Protein chains: 2
Amino acid sequence: MLRRVVIEAVTPEVDQGRFSAKATSGEDVVVEADIFTDGTDVITAVILHRPCEAADWSEAPMDLLGNDRWRGAFPVDHLGIYLYTIKAWIDPFLTWRRDLEKRLAAGQKVPVEFERGAGLVRDAAARASDKDRTTLLSAAERLSSGGTQAQLARVALAPRLGKLMAAVADRMHATRFAREVHVRVDPEKARFSSWYEMFPRSLWSAPRSGKGQAARVAQRDHATFRDVEARLHYVTAMGFDVLYLPPVHPIGRTHRKGPNNSTVAKPGDPGSPWAIGSEEGGHKAVNPALGTLADFRRLVRTARDKHGIDVALDIAYQCSPDHPYVREHPQWFRHRPDGTIQYAENPPKKYEDIYPFDFQTKDWRALWDELKSIVDFWIEQGVRVFRVDNPHTKPFAFWEWMLGEVYRQHPEVIFLAEAFTRPKIMHRLAKLGFHQSYTYFAWRNQKWDLAEYLSELTTSPVQDFFRPIFWPNTPDILNDVLQHGGRPAFIARLVLAATMSSSYGIYGPAFELMQHEPREPGSEEYLHSEKYEVRSWD
Amino acid sequence: MLRRVVIEAVTPEVDQGRFSAKATSGEDVVVEADIFTDGTDVITAVILHRPCEAADWSEAPMDLLGNDRWRGAFPVDHLGIYLYTIKAWIDPFLTWRRDLEKRLAAGQKVPVEFERGAGLVRDAAARASDKDRTTLLSAAERLSSGGTQAQLARVALAPRLGKLMAAVADRMHATRFAREVHVRVDPEKARFSSWYEMFPRSLWSAPRSGKGQAARVAQRDHATFRDVEARLHYVTAMGFDVLYLPPVHPIGRTHRKGPNNSTVAKPGDPGSPWAIGSEEGGHKAVNPALGTLADFRRLVRTARDKHGIDVALDIAYQCSPDHPYVREHPQWFRHRPDGTIQYAENPPKKYEDIYPFDFQTKDWRALWDELKSIVDFWIEQGVRVFRVDNPHTKPFAFWEWMLGEVYRQHPEVIFLAEAFTRPKIMHRLAKLGFHQSYTYFAWRNQKWDLAEYLSELTTSPVQDFFRPIFWPNTPDILNDVLQHGGRPAFIARLVLAATMSSSYGIYGPAFELMQHEPREPGSEEYLHSEKYEVRSWD
């Protein structure tokens, strides 16, 4: 009955505490809430906050913004989960002071009011330390002493008295917000990053690394991790801090795709890197044509230590028909009534070079464990950043579990969701734990739709869980503007991506060389896409 | 793990179930929700609903609106609390059928697909009644029989098979929305009403009731309930269905206000009806100048039975210094250090003719019970509609308790909140149980601000708990537009109020006679306000 303050509409909070809100290390978490009471009494509000492993709460003040909206902030300086909540109470002393100032300003004679103030100070003294109690009792004494109104006003409004009274404010009937809000603190790169995507197998006839490898590379038909290493200087010189490689694993041969997504591959066609797995291994192996696992580890280490750039790996949870899993764990796939394994499809389209996992298999625990172990494996190889292929076609429950487990052990690892799907599913994946998400930026090309989209992305609730990354192009998206807009379009789209979002990326060589020819009119696929061919970039 | 459907953003729901959503008897409750899953499987969703006293749930279908938003509705035909929730599941048969249609449209030969469908139908048969089981098994048989594609397609896509399969859909892994949402069903008048406010003591020199009382009334200096009765025909002829009377109780004499809010009343000045209580009684008495309690009861009965209009009473929880409560229950008021009782104030303004109750008095239980008994008393006299004065200056907890108790016993009773306060407090009061609320309409006079305000009022979340009533004027609000806009302004504001909200009202005679002179320039008070004088209307 005496807890008269209401606290609601707290941000950041995601789905009433169902999911963690997101912050990044080194920044302040800015908390807002509607805080109000009946009548006109003055309210004091504070944020209580702590790292989840700490025993004690710290306190940060909140200020009234207007319209009963309050704001405060607290710092988060290390990775992991922080908790916060809000406490607010009616402050009779501040209420009395506010009213007293109005009465004095109106020239009223208010001896009784000073006596009332003395009573409030005297009550507060009982809650104070010995030293402060003496000070407070003496202030109360003076307020009761019947001096001139000017004298009494000076005592009543002294800043020091205000501070002492605030320190011993009666919180007995404070309202505490109903929940302790979880805030997940991620590395700064989760929020602020610039990505460069390249196919490691593609050739560069004139590498600008200045290390004289041009001739050697050009004579071969497939580049390697060593060649990528030689390009690091070039990539970082442009300011990128994540180098994202499509899958680096052995590529299947059954139903291998040829150039331009042809269903027939000629001998020598390298296949799509997303058709993962062959007799040479699966998700924990590297394509021998790219080098060895040791080469890969060296690339990752060199990139981070010498160039300050993270190598991001592609997690595509799917198999070519030749993947060892198909033989060793046939129960992880769906079977058709004729006994064959169900390939991927989006009826009537068929993707016979890909077998999706059956996440609901009776053997799901073993499957899920194995899928998580793939991430663990690459973390052990030094990878800290993952780009996840089509997460929206796998169960939400899987991501929540997998990302949660990885986060517990490795809060330094970052996942980008390639969630090109409907908005609510995209948002759900971000809530489940993905650090960043692809967006609709590639299809927002007018001023009004960019403005509308940016408003959505930069306000609550979306800003509390969703970190957008803007890509002008990807190997799957050559949009209309780039196809027809020429150099000005490439420049404009790059500048928009890089300035409108704190994370952006380009699918590198194709963007730099302004590739703009689609596979066929109306298609967003590149002609001679690197997905199916080894390209030689000039 | 198998419960893959997500249900969220359900409307109507108020503060995640903290408060009841509102509906009115005879209408459909329209329920919407975001419902989606990973991947592209087809979902079926239903609303489960029941009156809270019923044991069994009824079911209503939901349809996909687009963008993963679903909608359905259920009827509510009596007053009280209804519950609803949502259930949704992945439907493998509908998914299979959708994909089959795409495959057939693309001209694919799909014998294996019919076999897969047969399996789904066979599984479903096990869940069916004897009769349906036979039908289903025979359909499965035919799908497995290897007929022509056209024959099999006819079996697969038959509407009757669809109906049977829907009836036995496997709901084992259905998602059920986390909460059972409370919907409070109110009388239609809570949503749809037209109010006429008049001071019963004021005189009409030419009443249009056509009953020849003009001469008699004009000779007196104070009208009565009998005179109001004679005006009922006039008021209902204009289409109003609520007649709202300011407080009808005895008026205090101490610090009684004179004309135009003067702090000095001359003998014969009637005082403000909101300064309630004198030696003649308090909140359960009627001002003898208006008549007897029997007269009042007769007015209420005649109004409802003969004219189809409800008399609304004003609940103003405050006392004049002469109220019997002040003498009998001094502990229900705040005392100043000098021993006097604290009058109402908004520093530096003082309202010495009014003593507010101390809702936090140690004796609060007795006070709250007594305040509720006032409402009970007037309900016993036949009143069904109350207008509550300044509810935002009394504790939220009081209203939640009081309105909840009254609703339990009398769901037919309606409360209008005179919550002219900040938006969040106004909304809170609506959530706590007030049926209708005054609004900012009087200060929304431009096209853009009316459009903005109406958008807010007619969308979730506000529409789920807040029923606006639009008043172009009240005894406290003579806005700028009416002061200066002349007859066109009065017409425009009336038409806007009556057409933009399903409830509206006017402060009658002053509006009809286009009173537009303020007490002083810049004031929204009427010159010679009826609040302080008996007016004689022509």
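Everything below is about the structure printed above this text.
What you see is a predicted model; the values in this text were computed from it and never measured. (Residues numbered from 1 in each chain as written. Chains lettered and ligands numbered in written order. Predicted model: local features only at pLDDT ≥ 70, side-chain atom pairs only at ≥ 80, totals over all residues. Heavy atoms only, no water.)

Note the cis peptide between A:Thr11 and A:Pro12, where omega equals -5°. With respect to the helices and strands, the residue A:Pro12 is situated in the loop between β1 (6-11) and β2 (21-24). Here the phi dihedral of A:His255 falls at roughly 55°; this positive angle occurs in a residue that is not glycine. As for its placement among the helices and strands, A:His255 is situated in the loop between β12 (242-245) and α8 (293-307). In this structure A:His255 comes out as partly exposed when scored by relative accessible area, which is 42%. Notably, B:His528 is not glycine yet its phi reads approximately 55°, a positive angle. Mapped onto the fold, B:His528 is located in the loop between α16 (508-512) and β23 (536-537). (Helix = DSSP H or I, 4+ residues; strand = E, 2+ residues; numbered from the N terminus. Buried < 20%, exposed > 50% of the residue type's maximum accessible area, 1.4 Å probe, protein only.)

This part is about helix α3 (residues 130-143) of chain B. All names here are of chain B. The terminal C-alpha atoms of α3 lie 20 Å apart, and with 14 residues this matches the ideal 20 Å at 1.5 Å per residue to within 8%. When α3 is considered as a whole, its buried residues turn out to be Asp-132, Leu-136, Ala-139, Ala-140 and Leu-143. In a view along the axis of α3, the buried residues occupy a sector of 100°, so they form one face of it. Facing away from the buried side of α3 by over 90 degrees, the exposed positions are Asp-130, Lys-131, Thr-134 and Glu-141. Residues of α3 that are buried in the fold lie against α1 (92-105), α2 (111-125), α4 (149-157) and α5 (159-167). (Expected span 1.5 Å × (residues − 1). Arc of directions from axis to C-beta. Contact = heavy atoms within 4.5 Å.)

Glancing now at helix α10 (residues 364-380) of chain B. Given a rise of 1.5 Å per residue, 17 residues ought to cover 24 Å, and the 24 Å separating the end C-alpha atoms of α10(B) matches this to within 8%. Positive backbone phi, at 110°, marks B:Gly382, one or two positions downstream of α10(B).

Right, let's talk about the packing of α10(B) against helix α11 (residues 396-409) of chain B for a bit. Residue and element names in this part refer to chain B. Running from N to C, α10 and α11 cross one another at 35°; their axes reach a closest spacing of 11 Å. In the crossing of α10 with α11, the sense of the turn from one axis to the other is right-handed. Contact residues: α10 offers Trp-368, Asp-369, Leu-371, Lys-372, Val-375, Asp-376 and Ile-379, while α11 offers Ala-397, Phe-398, Trp-401, Met-402, Glu-405, Val-406 and Gln-409. Partitioned by chemical class, the residues of the contact of α10 with α11 number nine nonpolar, one polar and four charged. (Axes fitted to C-alpha atoms, helices over the stretch in contact; angles between N-to-C directions. Left-handed = near helix turned anticlockwise from the far one by under 90°. Nonpolar A, V, L, I, M, F, W, Y, C, P; charged D, E, K, R; others polar.)

This paragraph deals with the relation of the copies chain A and chain B. The transform that puts chain A on chain B rotates by 180° and translates by 0.0 Å along the axis, for an RMSD of 0.0 Å. In the structure described here, the two chain copies are related by an operation that fits a two-fold rotation axis. When each C-alpha of chain A is compared by its distance to the rotation axis, A:Gln16 comes out closest, at 4.1 Å. A share of 100% of the interface residues of chain A reappears at the interface of chain B, consistent with the copies meeting face to face through the same patch. (Least-squares fit on C-alpha atoms with pLDDT ≥ 70 in both.)

A few words now on the side chain of B:Asp186. All names here are of chain B. Tracing the backbone shows Asp-186 in strand β9 (residues 181-186). A polar atom in the side chain of Asp-186 sits 2.9 Å from the side chain of Arg-467. Among all residues touching Asp-186, those that are not within four sequence positions of it are Lys-22, Ala-23, Thr-24, Ser-25, Leu-79, Tyr-407, His-435 and Arg-467. (Polar contact = N/O pair within 3.5 Å; in protein donor to acceptor, adjacent residues only side chain to side chain.)

To continue, consider the pairing of strand β9 (residues 181-186) of chain A. Residue and element names in this part refer to chain A. Taking burial as the measure, the six residues of β9 include five buried ones, the bulk of the element. Alignment of β2 against β9, held across four bridges, turns out to be parallel. Directly across from Ala-23, in β9, lies its bridge partner Val-185. In terms of strand pairing, strand β7 (residues 80-90) meets β9 through five bridges, oriented antiparallel. (Pairing = 2+ DSSP bridges.)

We now examine the environment of B:Ile47. All names here are of chain B. Residue placement: Ile-47 occurs in strand β4 (residues 43-51). On the basis of relative accessible area, Ile-47 is assigned to the buried category, the value being 0%. The spacing of Ile-47 and Trp-57 is ten residues in sequence and 9.3 Å in space, taken between C-alpha atoms. Once residues within four sequence positions are removed from consideration, Ile-47 is found in contact with Val-31, Ser-58, Glu-59, Ala-60, Met-62, Gly-72, Ala-73, Phe-74, Tyr-84 and Thr-85.

Let us now look at the pattern of salt bridges. Taken as a whole, this structure holds 81 salt bridges over all chains when the rule is applied. With a shortest N-O distance of 3.3 Å, A:Arg304 and A:Asp310 are connected by a salt bridge. Residue class for A:Arg304 comes out partly exposed when judged on its relative accessible area of 31%. For A:Asp310, a relative accessible area of 10% gives the class buried. A salt bridge links B:Arg519 to B:Glu520, with the shortest nitrogen-to-oxygen separation between them at 3.1 Å. Looking at B:Glu520, the relative accessible area reads 35%, which means it is partly exposed. Several salt bridges share partner residues, and in doing so they unite A:Glu32, A:Asp34, A:Arg69, A:Arg71 and B:Lys424 into one network. (Salt bridge = Lys/Arg side-chain N within 4 Å of Asp/Glu carboxyl O.)

Before going further, it helps to examine the packing of aromatic side chains. Residues and elements named next belong to chain A. Per the stated rule, a full pass over the model turns up 73 aromatic pairs over all chains. Ring geometry for Phe-296 against Trp-378: centres 5.1 Å apart, planes inclined by 80°, an arrangement best described as edge-to-face. With a gap of 82 residues between them, Phe-296 in helix α8 and Trp-378 in helix α10 (residues 364-380) connect regions that are remote in the sequence. An identical accessibility class is assigned to Phe-296 and Trp-378; each is buried. Lying over the aromatic face of Trp-204, Arg-231 brings its terminal NZ or CZ to 3.3 Å of the ring centre. (Phe/Tyr/Trp six-rings, centres within 6.5 Å; stacked < 30°, edge-to-face > 60°. Lys NZ or Arg CZ within 6 Å of the ring centre and 35° of its normal.)

Now for the sheet that holds strand β13 (residues 310-315) of chain B. Residues and elements named next belong to chain B. Strand order in the open sheet formed by eight strands is β21-β20-β19-β18-β13-β12-β10-β22, with parallel pairing between adjacent strands. Edge positions in the open sheet fall to β21 (468-469) and β22 (503-507), since each of these has one partner strand only. Judged from the two bridges that link them, strand β20 (residues 436-438) and β21 form a sheet pairing that is parallel. Residue Ser-437 lies in a different strand from β21, and its bridge partner there is Pro-468.

Taken together, the contact pairs 46 residues of chain A with 46 residues of chain B. Summed over both sides, the interface of chain A with chain B buries roughly 4200 Å², with 57% coming from carbon and sulfur. Linking chain A with chain B are ten salt bridges, by the criterion used here. Across the salt bridge formed by B:Glu8 and A:Lys431, the nearest N and O atoms sit 3.8 Å from each other. Linking chain A with chain B are 16 residue pairs in polar contact (both at pLDDT 80 or more). Every element with two or more residues in the side of chain A that touches chain B is listed here: β1, β3 (28-36), α1 (92-105), α2 (111-125), α10 and α12 (423-432) of chain A. Ranked by residue count, the leading element in the side of chain A that touches chain B is α12(A), at five residues. Considering only residue class, the side of chain A that touches chain B consists of 16 nonpolar, eight polar and 22 charged. (Buried area = accessible area lost by both parts, 1.4 Å probe.)

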